[in-house]
Amino acid sequence: MSRIGRKAIPVPASVKVSIDADKVITVKGPKGELKHKINPEITVEINGNEIVCSRSSEEKNHRALHGLTRVLISNMVIGVTDGFSKTLEVVGVGYRAEKKGNALQLNVGYSHPIIFEEPEGIKIDVQGQNTIVVNGYDKVKVGEVAAKIRSFRKPNPYADSAALAKGIRYQGERIIVKEGKKASK
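This section reports on the structure supplied with the text. (Residues numbered from 1 in each chain as written. Predicted model: local features only at pLDDT ≥ 70, side-chain atom pairs only at ≥ 80, totals over all residues. Heavy atoms only, no water.)

1. Structural notes on the packing of aromatic side chains
Keep this limit in mind: Each Phe, Tyr or Trp ring (for Trp, its six-membered ring) is paired with any other whose centre lies within 6.5 Å, and the angle between the two planes then decides the class: stacked below 30 degrees, edge-to-face above 60, tilted in between. Numbering of helices and strands runs from the N terminus, with a helix taken as a DSSP run of H or I at least four residues long and a strand as a DSSP run of E at least two residues long. When accessible area is computed with a 1.4 Å probe and restricted to protein chains, residues below 20% of their type maximum are described as buried, those above 50% as exposed, and intermediate ones as partly exposed. Here, over-ring charges are defined by two tests on the NZ atom of lysine or the CZ atom of arginine: distance to the ring centre within 6 Å, and angle to the ring normal within 35 degrees.
Inspection of every chain in the model, using the stated rule, returns one aromatic pair. Considering the side-chain rings of Phe116 and Phe152, the 5.9 Å spacing of their centres and the 65° angle between planes classify their relative orientation as edge-to-face. Taken as a pair, Phe116 in strand β10 (residues 114-117) and Phe152 in the loop between α2 (139-151) and β13 (167-170) lie far apart in primary sequence, 36 residues in all. For Phe116, a relative accessible area of 12% corresponds to the buried category. Over the ring of Tyr170 we find Lys86; its NZ or CZ atom is 5.4 Å from the centre of that ring.

2. Side note on the environment of Ile168
Secondary-structure assignment places Ile168 in strand β13. Residue Ile168 is classed as buried on the basis of its relative accessible area, which comes to 0%. In this structure the C-alpha to C-alpha distance between Ile168 and His36, which are 132 residues apart in sequence, comes to 32 Å.

3. Digging into helix α1 (residues 60-81)
We apply this condition: Multiply 1.5 Å by the residue count of a helix minus one, and that product is the helix's expected span.
Across its 22 residues, α1 extends 33 Å between first and last C-alpha, which sits within 8% of the 32 Å expected from 1.5 Å per residue. Directly beyond the C-terminal end of α1, a positive phi value near 90° is found at Gly83.

4. A word on the sheet that holds strand β2 (residues 16-19)
In any sheet, the strands associate via hydrogen bonds between backbone groups, in a parallel or an antiparallel arrangement. To keep it simple, the criterion reads: Strand pairing is assigned whenever DSSP identifies at least 2 bridges connecting the two strands. For every element, the axis is a line fit to its C-alpha atoms; helices are fit only across the contacting stretch, and the angle between N-to-C directions ranges from 0 to 180 degrees.
Here we have three strands laid out as an open sheet, ordered β2-β3-β4, and antiparallel in their pairing. Edge strands, defined here as strands with exactly one partner in the open sheet, are β2 and β4 (33-37). Between one strand axis and the next, the sheet turns through 15° on average, direction left out of account. Pairing of strand β3 (residues 24-28) with β4 involves five bridges; the strand directions are antiparallel.

5. Examining the sheet that holds strand β5 (residues 42-47)
Judged by pairing direction, the sheet is antiparallel, and its three strands sit side by side in the order β1-β6-β5 without closing on themselves. Looking at strand neighbours, the two that pair on one side only are β1 (9-10) and β5, the edges of this open sheet. The sheet contact formed by β5 and strand β6 (residues 50-55) spans six bridges and is antiparallel. Across the sheet, residue Ile42 finds its bridge partner in β6, namely Arg55.

6. Quick notes on unusual backbone geometry
Backbone geometry at Lys23 places phi at a positive 60°, although glycine is not the residue there. Tracing the backbone shows Lys23 in the loop between β2 and β3. Assessed through its relative accessible area of 23%, Lys23 is described here as partly exposed.

7. Description of α2
To be explicit about the condition: Summarising the geometry, the arc corresponds to the directions from the helix axis toward the C-beta atoms.
Taking 1.5 Å of rise per residue, 13 residues should cover 18 Å, and α2 covers 18 Å from first to last C-alpha, within 8% of that figure. Listed as buried for α2 are Val142, Val145, Ala146, Ile149 and Arg150. Buried residues in α2, looked at end-on, bunch into an arc of 140°, giving them a common side. Of the exposed residues in α2, those oriented more than 90 degrees away from the buried face are Val140 and Glu144.

In structure tokens:
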């Protein structure tokens, strides 16, 4: 059995979980509602205040789906109760982030500011001028939005040092500095 897949998922009292005939699991909680279509090879049962996943056979694909399904459902339960967040840092002289209504305005070295609208279910906060916090109840969506914001100006790995690598990076991300081209004689 999969070590991850066989663990039961505890369901808090504030969360409602239901599975319909089409094998779509719905998780409702204080922060929102998430749905996920379950693979027909995986069986999901609700036992009181726990969710248990099991698989139909020991095939490699079924073993992989077993753990994946359990983690996805667990992330749904955590998301509707606590939520997820990613923190980004804006590094560079003159680089800054600013919140204007439901939009994030980024000044990151281009001739114009970049305006990024908050998607539904996502909350973007700016702390100071150089820290962006992306919050939401869907883990995948939070990661996608953080990656999109980072893509506007990725850190430059060819800077003289990692501290000088201007751009938008995840908090705690380590930039590996590469050696630039050398002039030949």
